[in-house]
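Now for the letters of each chain:
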Amino acid sequence: METEHRVSTLELFFDLVFVFTITQLTVLLADDLTPRGAGQVVLIFTVLFWMYGGYAHLTNQVPPDRTVRRVLLMLAMGAFMVCALAVPTAFGAGGVAFGLGYLLVVLVHGALFTQAHGRGVLWFALPNVLCALAVTAAGFFDGLPAWGLWLLALLLQFVTPMVVQRVAASGAAAQPEAAEQTVGDQLGGMNAAHLVERHGLLLIIVFGESVIAIGIGVGSLPLSAGIAGGAFLALTIASAKWWMYFVRDEGRAEEVFAQTPPERRFKLAMGAYYYAFLPVLLGIAVFAAGVKKTIGPLGEHLHTGPAVALAGGVALYLAGNLVFRAVLGIGPARYRATALVLALATVPVGTGWTGAGQLVALAVVLVGAVVAEGGRSPAAQARGTAAESVTGS
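Bear in mind the structure is a predicted one, so any value in this text is a computation, not a measurement. (Residues numbered from 1 in each chain as written. Predicted model: local features only at pLDDT ≥ 70, side-chain atom pairs only at ≥ 80, totals over all residues. Heavy atoms only, no water.)

Looking now at the overall build of the chain. Within the chain, the secondary structure is distributed over 17 helices and zero strands. Burial statistics for the chain: of 393 residues in total, 54% are counted as buried. Sequence-distant contacts, at least 24 apart, represent 80% of the contacts inside the chain between residues at least 6 apart. Only carbon and sulfur atoms are counted for the fraction: they give 69% of the accessible area of the chain, which is about 16400 Å². (Helix = DSSP H or I, 4+ residues; strand = E, 2+ residues; numbered from the N terminus. Buried < 20%, exposed > 50% of the residue type's maximum accessible area, 1.4 Å probe, protein only. Contact = heavy atoms within 4.5 Å. Areas by Shrake-Rupley, 256 points an atom, 1.4 Å probe, with all protein chains shown as cover.)

In structure tokens, the structure reads:
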């Protein structure tokens, strides 16, 4: 039976600072709704979210319950703030500042993790340092060399988990009598309740970003019935996405992690809370950028960029959510898969009709998916998924 391990207020404070980077990415994308702008946002966020996951894993094993740990975690918060401030110019004049801030994030993470892994931290700390150095070096270049160094950083991040798991497996094979301890030491037995709660709190803060985008989009415009209606529709869409995760998925995710042996949770967490959460969080940011560009000229035809951002943001969220469910073996998937396709189909509504029309269409799609799933409780869905699995086999 695991001891209860709750998310501390300092961790929540840390998350608030990290989410400022997502706010900045939304601004960056809203100012450059092009493939180039989208590519920059994806690269920057993927690199940043890797280290956010590293800190979530860190505090899961090394709680900030001592003065030194708290001070170091606050130092990392300051480094993330530097990264966030440099986001709008990360592919330009602010590239070096972004890289140096990111390097400090990595170094503090490695220093704190030595308390859980000792010298074993080198297996993931060194690749993280190389990743930070690649990002820093990118700040000295423009064009293709800069993009190449950012892609190198991503490659290092995606290779690191495989290296760590291989090292852990090799250690277990060399000492079979202490296999469980070796794997636990290398990868860490993650506390299920803390892991799920931490990422749920992050998600709710990011949802707040989409709500803030509504107010920013309105700006100093007079509050008309149309703008109030558009704000209500945007909030409805955000609420439907909240419902999908927090009402339908979060509790079941905690059950799955609690039932998974501790030595296997690292791989499961990578799939569910890193690879799947990347499109989930990006989708919220992309939708927020679309809202900022839509909420003012709500009754007009949308340009392709804002229309794609609205539909693409919802589709990204649903795609990540479907991957999340697939990794954890929860379902069903058909309602959300259908909603994903229908969300993408709303682009012509925005470009051919109005932004208001596209928001209505997206709200109908998401609320419809929630209602369709609502006829079955999460427990009933789990039984249905199990029955479908048995039938299929």
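Another point: the packing of aromatic side chains. One pass over the full model with this rule turns up 29 aromatic pairs. When the centroid spacing of 5.8 Å and the interplanar angle of 10° are considered together, the rings of F49 and Y52 count as stacked. Note that F49 and Y52 are positioned in helix α2 (residues 35–61) at a spacing of three residues, about one turn of the helix. What links up through ring pairs into an aromatic cluster is the set F14, F18, F45, F49, W50, Y52, Y55, F80, F158, Y274 and Y275. For K241, the ring lying beneath its charged end belongs to F287, and the centroid distance is 4.3 Å. The lysine or arginine in question, K241, covers the ring of Y317, its NZ or CZ lying 5.6 Å from the ring centre. (Phe/Tyr/Trp six-rings, centres within 6.5 Å; stacked < 30°, edge-to-face > 60°. Lys NZ or Arg CZ within 6 Å of the ring centre and 35° of its normal.)

Glancing now at the pattern of salt bridges. Tallying each qualifying case throughout the model produces nine salt bridges. Between R36 and D32 there is a salt bridge whose closest N-O contact spans 3.4 Å. Among the ionic pairs, R336 bridges to E373, the shortest N-O distance being 2.8 Å. Residue R336 is found in helix α14 (residues 334–344), and its partner E373 is found in helix α16 (residues 355–374); the two are separated by 37 residues along the sequence. The residues R336 and E373 share a single accessibility class, namely buried. When salt bridges with common partners are traced through the structure, they connect D249, R325, R336 and E373 into a single cluster. (Salt bridge = Lys/Arg side-chain N within 4 Å of Asp/Glu carboxyl O.)

With that out of the way, let us pick up helix α12 (residues 277–294). Over its 18 residues, α12 runs 25 Å from end to end, which matches the ideal 26 Å to within 8%, given 1.5 Å per residue. For α12, the tally of buried residues reaches 17 of 18 residues, placing the bulk of the element in the interior. (Expected span 1.5 Å × (residues − 1).)

Packing of helix α1 (residues 9–31) against α12 leaves a shortest axis separation of 9 Å and a crossing angle of 50°. As summarised for this structure, α1 and α12 are arranged oblique, according to the angle between their axes. Note that α1 runs across α12; the crossing there is right-handed. Here I22, T26, V27, L29 and A30 of α1 come into contact with α12, specifically with A285, V286, A288, A289, K292 and K293. (Axes fitted to C-alpha atoms, helices over the stretch in contact; angles between N-to-C directions. Parallel < 35°, antiparallel > 145°, perpendicular 65-115°, else oblique. Left-handed = near helix turned anticlockwise from the far one by under 90°.)

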